[in-house]
Structure formats: structure tokens, C-alpha cells
Amino acid sequence: VSLSREGKTVYQSAPGPVDNALARKTQLQLYGAQWTVTVWPGPLFVSSTQTAVPTVTLIVGFLLSLLLTTSLVLAGDSRRRANALACVNLQLEEQIRERLRAEQAVRGRTVILHSVLESMGDGVMMIDADLRVSIFNAAARKLFGTDHPVMLSPAWAQAIGIHHADAATPVTFEELPMIRAVRGELIPHAEYILRCNHSDQAWVTATAAPLRDSEGRLHGGLVVLHDMTTLKQTEVALQSAKNAADAASEAKSHFLATMSHEIRTPMNGILGMTDLVLNTNVTTDQRRYLDIIKLSAEALLVLINDILDFSKIEFGQMTLETAPFSLTEVAEHALQTVRPQALSKGLALRARLEDSLPAVVEGDAHRLRQILLNLLSNAIKFSARGEVSLTASARVATDEKKREASGETVPVTVMFTVSDSGIGITDEQKAFIFDPFTQADSSFARRYGGTGLGLAICKQLVRMMGGTIDVESKPGVGATFRFSIVLTQLNRVQTRPHGSALLSPAQGQKLRVLVAEDNPVNQELVRAVLALGQHEVVVVPDGHEAVRRVKSETFDVVLMDLQMPELGGFEATALIREHERTVGNYTPIIAVTAHAIQGVRERCLSAGMDDYIAKPLRAAHVLKLLQDVVERHGRHALA
């Protein structure tokens with residue numbers, strides 16, 4: 001038997017037929033293929049037929065062979081189909097297992113995502129295009145005070161009580177950030193107030209964005225809500241604390257102003273009257289007593305000034321003035337002021353002002369003089385013998401020397417050194433020598449006096465001037481204080497410095513002066529001071545009378561006290577200036593006050609006054625200021 005498929009032999013039981021004439025072929029169509037079965041007799045069969053074997057035997061053999069071949073073919077094809085089906089089943093099983101693993105992973109990620117959303121501190125909402133709410137986490141439920149809504153609606157929006165940041169305007173349904181996001185609007189940041197089921201209102205910020213697929217089609221919106229209630233409450237508390245601190249600071253400033261006024265007013269009378277009596281014919285003993293009164297009053301005034309200066313520095317109210325002045329004149333004035341104190345103790349007072357000092361600088365001459373006087377006074381106070389010296393020098397930065405040579409204004413660093421031969425300071429004492437209310441030794445206050453504020457004030461003033469201060473000392477040898485400040489060097493040809501602070505009674509034109517002062521002692525003092533300059537004086541007790549007299553009479557200058565009953569100096573000046581604008585004339589006004597806090601001078605100038613003088617009044621200063629103000633007014637009038 002031979003079996004072939006599509007002309008290709010796939011099975012043959014024995015070698016080919018001996019006689020092709022005896023071979024028989026049959027064509028079969030099985031399983032979509034053309035099969036050919038060839039049957040031929042073997043050699044034994046041929047031999048048997050030749051010996052008269054019946055033909056039926058041949059036929060039976062043929063049929064048996066055909067049946068056997070067919071069975072073999074069918075069995076082989078079934079095995080192949082079974083194998084193929086098994087392979088397909090294995091693939092399906094693997095796909096099912098992969099699908100189950102993927103579904104399990106998705107379920108795990110979903111659980112994690114749900115856990116993350118539920119544990120978030122910010123509220124999260126996801127809404128589809130039909131306004132169905134698919135995500136509404138625990139923070140959102142807490143914020144809105146509601147359960148997970150199925151769908152957004154105007155009724156739900158009204159129930160949550162959402163308002164704009166002004167807390168007065170309700171947010172309409174269409175204005176909700178969720179609805180705006182579903183409509184395709186991006187909201188980077190918006191503030192709202194919620195009043196749903198809250199004993200107190202809650203502040204929230206919302207960030208909303210539309211949800212789109214990869215092709216840009218809109219599928220809904222996502223909103224993240226952040227609870228700002230604690231932060232807002234903290235801000236409100238901080239603002240309240242700030243307001244309270246501002247009020248306290250204002251109260252402190254008012255207290256300082258009041259204390260300054262109440263203390264300086266009697267000091268003005270003591271020092272002023274003492275000066276006036278010293279200018280009369282008094283006996284030697286009387287002059288000695290008056291000198292003691294004057295020195296005691298001046299010491300008390302220094303103490304008052306130290307306390308007020310330190311308070312201004314502590315409250316951040318200390319400001320520096322900027323004006324041209326001569327470094328040499330300031331240093332010489334400081335030396336001249338302390339010279340009697342040094343001579344009384346038998347101390348030599350030496351100074352070396354180097355040529356490097358510029359002729360004219362710009363800065364605060366008064367505060368520099370205060371630093372020098374403090375250091376020089378301390379050096380003399382703590383020295384029983386020997387000498388006290390002052391050295392001053394200056395340097396200009398290398399990169400500024402070209403500008404200096406061309407006459408431009410340049411920054412200049414000025415160095416001062418004050419040395420003494422006194423009791424000295426230990427290393428331990430140096431650590432706190434610049435602290436307020438401290439002295440090198442507690443016994444110093446009993447022996448030498450003082451409050452321990454002087455060096456603390458010096459340190460702060462030097463720092464405000466852009467410099468530093470330090471000390472070198474050995475106990476029993478003496479101390480050396482060094483400090484530097486930064487000033488502006490001016491072109492000496494273009495700028496004239498202020499004159500020396502040592503003023504003498506001005507000699508000039510005789511003036512008609514109106515004095516507005518409510519204190520009888522100060523009235524008498526001002527009258528006596530102005531009499532030294534042979535000026536005509538008219539005294540009034542309050543602001544109303546000052547305004548009336550200026551409107552009806554002519555004066556060269558007005559000395560206006562700021563604190564008077566019924567109508568103060570500021571209010572009176574405003575009425576005078578208003579009247580002058582209608583009639584076209586102008587009278588210089590000088591503010592006189594016991595206030596010594598920062599800002600008073602600026603307020604006086606902005607109120608229309610021409611200058612400012614603080615109590616206690618010194619005769620030479622008052623007379624000089626009167627002449628200067630009148631001269632300035634005369635030049636302006638001529639211009």
C-alpha cells in the first residue's frame with residue numbers, strides 16, 4: 001500500500017509493485033486535501049494467484065489494505081488536531097491568567113489610590129461631563145459637611161453655603177469651581193468661604209482643571225480644595241497682635257513725649273534762669289552756688305537725654321540727620337566742653353587731628369559730638385591722673401580716590417581714638433561693657449555715678465553711622481576706645497559747613513517777637529532771653545490769642561509753643577498760614593517744645609513752621625536762631 005497527499009508520498013508499506021499493471025489507485029478527498037491510495041499485490045500474492053488462488057482473495061486483501069490505510073490516516077490527523085487544540089487551550093489559559101493578574105493589579109492600585117485620596121488633607125472632587133460625582137474624598141466631605149453627592153445641582157450648591165472671599169456675596173451654581181472646570185475652564189487659584197454645617201466659617205482655596213482624553217475631548221473636571229481656616233485665623237490673630245503692638249508702641253511714644261515735655265519744661269526754667277542770674281552782678285559765693293545748680297541741672301539733663309535716646313533707639317525711632325559740617329570744629333567743641341572737667345582733676349587733655357581729615361563732610365554732627373563727649377567724659381571720670389587724648393584720621397577707599405581728586409562727593413571712613421590713663425577694664429568686663437544699664441563694676445555707679453547707658457548708646461549710634469566700636473584695656477593702665485563711622489566727603493569749594501555749636505548772643509536787627517507760651521516760668525524766661533537781644537516781646541498764653549494777634553498786628557517772628565491749652569501750636573500755625581494765603585503776607589514761625597522724640601521736627605516743618613528749637617532754651621542759641629530765620633525769610637522775600 002502507498003499513501004500520498006497532493007502527489008507527495010506520506011506512507012508506503014513495501015517496495016513498489018513488481019508489475020504496475022496489477023496496481024490499483026483510488027482518489028480520496030479527505031479533510032480538505034487530495035489523497036491517493038495505491039494498492040498492489042506483493043510477490044507472494046502474485047505467486048498464489050498463479051497457482052490458482054481465487055480472485056476473491058485478491059479483492060478481500062485490497063479492501064483490508066484500504067481500510068487499514070484509512071484508519072492510519074484518520075488516527076494521525078486526530079492526533080494533530082488534538083495537539084493543536086491543546087496548544088490553543090494552553091494559550092487561552094495563559095491569557096486568562098494574565099488577565100486575572102492585570103485585574104488584580106488594577107484592584108490593588110485602586111485600593112491604594114482610594115486610600116491616598118481618603119488620607120489627603122485637601123479635598124478632592126472628580127465630576128464627569130454629566131455632573132455625576134465620581135470622587136469625593138474624606139477631606140471634601142469634612143469641608144462641605146455632606147456625604148458623597150451623586151450629582152451636582154443648584155440645591156446642593158445652596159446647601160454648602162459657598163461665598164466669595166468678601167464673605168458677603170454667595171457663589172452661584174454656574175460660578176462654582178467644579179462647574180467651571182467641567183465647562184473647560186482652568187482655575188489656578190480662587191478663595192472661597194464655606195458656611196455649611198460649621199459653627200464658624202471656613203476659608204478654602206480651590207484649584208480646578210478640566211479632564212480631557214488624548215484627543216482633547218472633554219470628559220469632566222477635577223477640583224482640589226485646601227482648608228485655609230487655621231492659616232486665616234492665625235493671620236487674624238497676628239494682625240490683632242500687630243495692632244496691639246502698634247498701639248503699645250504708640251502709647252510708649254506718647255509716654256516718651258509726655259515725659260520729655262514734663263521733665264524738660266522745669267529743666268528749661270532752672271537752666272535758663274540760672275544763666276540769666278549768672279549774667280547779673282552776684283557775689284562770689286552766690287556765683288559758686290549758682291554754678292553748682294547749673295552743673296547739677298546739666299547732669300540731670302544728660303541723664304534725661306540718655307534715657308530718651310536709648311528709648312528712641314530701642315523703639316526704632318532714632319534717625320540721623322544729614323547736613324554739612326566740619327569734623328575739626330566738632331572735635332574741638334567736644335574737647336572744649338570737657339576741658340574744665342579735665343583741668344579740675346589735673347589731667348592733661350591732648351588732641352591730634354591728622355591732615356587726612358576732610359575739611360567738610362556730610363552727616364549728623366550732633367550725634368558724632370554726643371559720641372565724642374560720652375567717651376571723653378568717661379575717660380576723664382575714670383582717670384585720677386595722667387592724660388586723656390583724642391586722635392582723629394580719615395581714609396578714602398582706593399577705588400574712590402579718582403572721584404575725590406575731581407572734587408566729587410565720596411564716602412570717607414573717619415576713625416577716632418580716645419585714650420586715658422585711668423583704672424582700666426578687665427577682659428571679663430569687656431564682654432558686657434557696651435550692654436545697656438551695665439558698668440564694668442557695680443561699685444562704679446556709687447563711686448563715679450552714671451546709668452550705664454552711655455556706651456550702649458554710643459555703640460548703637462556708631463552702628464547707625466555704618467561703623468564699629470571696640471575697646472582695648474588693662475586694669476590699672478588705662479583704656480583705649482576706637483570707633484569708625486562712614487560720612488560723605490564734600491567739595492569744600494561748593495559747600496559751606498555749619499558754624500560751630502558754640503554760639504554767642506547774636507548782634508543784629510531789633511525784632512518784634514510774638515511769644516505763644518502757656519507756662520508762666522517759661523514766659524518769664526523767654527522774655528528775659530529776648531531782652532538780651534533788645535527785642536520787643538509780646539507774650540500770649542494760648543494759640544487762639546496768637547492767631548488773633550498775628551491777624552491784627554505785624555511781627556518779625558513768632559515763637560510758638562506746641563503744647564498749649566485750647567489751641568496748640570500746630571493748629572494755631574495752620575490757621576495763621578491759612579489767613580496769610582488770603583492776605584498775601586508771611587511771618588516766620590519757630591516751634592518751641594520740650595518734645596525731644598524723633599519726628600517732631602519733621603512734623604513742625606511740614607505743618608508750615610520755619611524751624612524748631614527744643615527746651616531747655618539757651619540764650620545764645622535762641623538769639624542766633626531768631627536772626628537766622630529772619631534773614632532766610634528776608635532773602636526769600638527779596639527773591
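Predicted model, so just to flag it, every value in this text is computed and none were measured.

Engineer: Break down the overall build of the protein for me, with residues and values.
Structural biologist: Counting its regular elements, the protein contains 18 helices and 22 strands. Out of the 639 residues belonging to the protein, those deemed buried represent 40%. For the protein, restricting intrachain contacts to residue pairs at least 6 apart in sequence, the fraction spanning at least 24 positions comes to 63%. As displayed, the protein offers around 35,300 Å² of accessible surface, 56% of which is attributable to carbon and sulfur atoms.

Engineer: Kindly report on the confidence of the model for the protein, identifying the contributing residues and their values.
Structural biologist: This prediction gives the protein a mean pLDDT of 81; 84% of its residues lie at or above 70. Overall, residues 492-507 carries pLDDT values under 50, and its contacts beyond four positions in sequence, including any with other chains, amount to 29 contacts.

Engineer: How would you sum up helix α15 (residues 543-552)? Please name residues and give values.
Structural biologist: Looking only at α15, the buried set comprises Gly-543, Ala-546, Val-547, Arg-549 and Val-550. Viewed along the axis of α15, the buried residues span an arc of 165°, placing them on a single side of the element. Capping of α15 at its N-terminal end is provided by Asp-542; its side-chain oxygen lies 3.0 Å from the backbone amide nitrogen of His-544.

Engineer: Account for the sheet that holds strand β20 (residues 557-561), naming residues and giving values.
Structural biologist: Taken together, five strands build an open sheet; the order of strands is β19-β18-β20-β21-β22 and the sheet is parallel. Only two strands of the sheet have a single partner each, and these edge strands are β19 (536-540) and β22 (611-614). Sheet twist, expressed as the mean angle between neighbouring strand axes with direction ignored, is 20°. When strand β21 (residues 589-593) meets β22, the two strands line up parallel, connected through four bridges. Bridge pairing in β22 links Thr-593 to Ala-614. Sheet strands in contact with helix α14 (residues 520-532) are β18 (512-516), β19 and β20, and its direction is about 170° off that of β19. Lying over the sheet, helix α16 (residues 569-583) contacts β20 and β21, oriented at roughly 150° with respect to β20.

Engineer: Break down the packing of aromatic side chains for me, citing the residues and quoting the values.
Structural biologist: As enumerated under the stated definition, the model contains four aromatic pairs in all. For the pair Phe-136 and Phe-144, a centre-to-centre distance of 6.0 Å together with 20° between the ring planes defines the contact as stacked. Phe-144 matches Phe-136 in its accessibility class, with the two residues each being buried. Between Phe-144 and Trp-156 the ring centres are 5.4 Å apart and the planes differ by 55°, which places this aromatic pair in the tilted class. Of the two residues, Phe-144 is situated in helix α3 (residues 138-144) and Trp-156 in helix α4 (residues 154-160); the sequence distance between them amounts to twelve residues. In terms of burial, Phe-144 and Trp-156 fall into one category: buried.

Engineer: Report on the nonpolar core, specifying residues and quantitative values.
Structural biologist: Counting 50 residues, the largest nonpolar core has Leu-327, Leu-368, Val-414, Phe-416, Phe-483 and Ile-485 as its most contacted members. Of all elements in the fold, only α7 (284-314), α8 (327-344), α9 (365-381), β14 (387-396), β15 (410-420), α13 (454-464), β16 (468-474) and β17 (478-489) reach the threshold of two or more residues within this core. When residues of this core are assigned to their parent elements, the largest contribution, eight residues, is made by α9. In this view, Ile-485 contacts Leu-368, Val-412, Thr-413, Val-414, Phe-416, Val-462, Met-465 and Gly-467; residues no more than four positions away in its chain are not counted.

Engineer: Outline the packing of α15 against α16, supporting the account with residue identities and numerical values.
Structural biologist: The contact between α15 and α16 brings their axes to 9 Å, and the two run at 20°. Between α15 and α16, the interaxial angle falls into the category roughly parallel. Note that α15 runs across α16; the crossing there is right-handed. For the pair formed by α15 and α16, the contact residues are Gly-543, Val-547, Val-550 and Lys-551 on the first element and Ala-572, Leu-575, Ile-576 and His-579 on the second. Looking at the contact of α15 with α16 residue by residue, the classes come out as five nonpolar, two polar and one charged.

Engineer: How would you summarise the side chain of His-535 if you had to cite specific residues and measurements?
Structural biologist: Relative to the helices and strands, His-535 resides in the loop between α14 and β19. With a relative accessible area of 8%, His-535 lands in the buried category. If we skip the residues at most four places from it in the chain, His-535 touches Gln-509, Lys-510, Leu-511, Val-513, Leu-530, Leu-623, Leu-626 and Gln-627.

Engineer: Kindly report on the sheet that holds strand β9 (residues 202-212), identifying the contributing residues and their values.
Structural biologist: To summarise the sheet geometry, strands pair through backbone hydrogen bonds and adopt either a parallel or an antiparallel arrangement. Spatially, β6-β5-β10-β9-β8-β7 is the arrangement adopted by the six strands of the open sheet, whose pairing is antiparallel. Of all strands in the sheet, those bounded by a partner on one side alone are β6 (133-136) and β7 (162-164). Adjacent strand axes in the sheet meet at a mean angle of 30°, parallel and antiparallel pairs treated alike. Here β7 pairs with strand β8 (residues 187-194) via three bridges, running antiparallel. The residue of β8 that forms the bridge with His-164 is Tyr-192.

Engineer: Before we move on, can you summarise the pairing of strand β10 (residues 218-227) with the specific residues and values?
Structural biologist: Taken together, the six bridges between strand β5 (residues 123-128) and β10 define a ladder with antiparallel strand orientation. Paired with Asp-128 across the strands is Gly-220, a residue of β10. Here β9 pairs with β10 via nine bridges, running antiparallel. Bridging from a neighbouring strand, Ala-209 pairs with Leu-222 of β10.

Analysis parameters
Every chain is numbered independently, its residues counted from 1 as its sequence is written. Local features in this predicted model are restricted to residues of pLDDT 70 or higher, and side-chain atom pairs are both shown and tallied only at a pLDDT of 80 or more, whereas totals for entire chains, interfaces and linings draw on every residue. Each side-chain value is worked out from all heavy atoms of the structure, with water and hydrogens disregarded. Helix numbers and strand numbers start at the N terminus; a helix is a DSSP run of H or I with at least 4 residues, a strand a run of E with at least 2. Exposed residues in this analysis have more than 50% of their type's maximum accessible area, buried residues have under 20%, and partly exposed residues fall in between, with area computed by a 1.4 Å probe over protein chains only. Residues are treated as being in contact if the distance between any of their heavy atoms lies within 4.5 Å. Here the accessible surface of atoms and residues is derived via Shrake-Rupley with a 1.4 Å probe, and residues count as covered only by protein chains that are part of the display. Each residue carries a pLDDT value, the predictor's own confidence for that position, ranging from 0 to 100. Arc definition: it is the arc formed by the directions from the helix axis to the C-beta atoms. In the analysis that follows, any N or O atom pair within 3.5 Å is treated as a polar contact, provided that within protein one partner can donate a hydrogen and the other can accept it, and provided that, for residues neighboring in sequence, both atoms belong to side chains. Paired strands are those between which DSSP finds at least two bridges. Lines fitted to the C-alpha atoms define the axes, with helices restricted to the stretch that makes contact. Angles between their N-to-C directions range from 0 to 180 degrees. Within 6.5 Å between ring centres, the rings of Phe, Tyr and Trp (the latter by its six-membered ring) count as paired, and their orientation is classed by plane angle as stacked under 30 degrees, edge-to-face over 60, tilted in between. Take the buried residues of types Ala, Val, Leu, Ile, Met, Phe, Trp, Tyr and Cys, join any two whose side-chain atoms come within 4.5 Å, and each joined set is a nonpolar core. In this scheme, roughly parallel covers angles under 35 degrees and roughly antiparallel covers those over 145, while 65 to 115 is roughly perpendicular and the rest are oblique. By convention the crossing between two helices is left-handed if the near helix lies anticlockwise of the far one by an angle smaller than a right angle, and right-handed if it lies clockwise. All amino acids are sorted into three groups, where Ala, Val, Leu, Ile, Met, Phe, Trp, Tyr, Cys and Pro are nonpolar, Asp, Glu, Lys and Arg are charged, and the leftover types, Gly among them, are polar.

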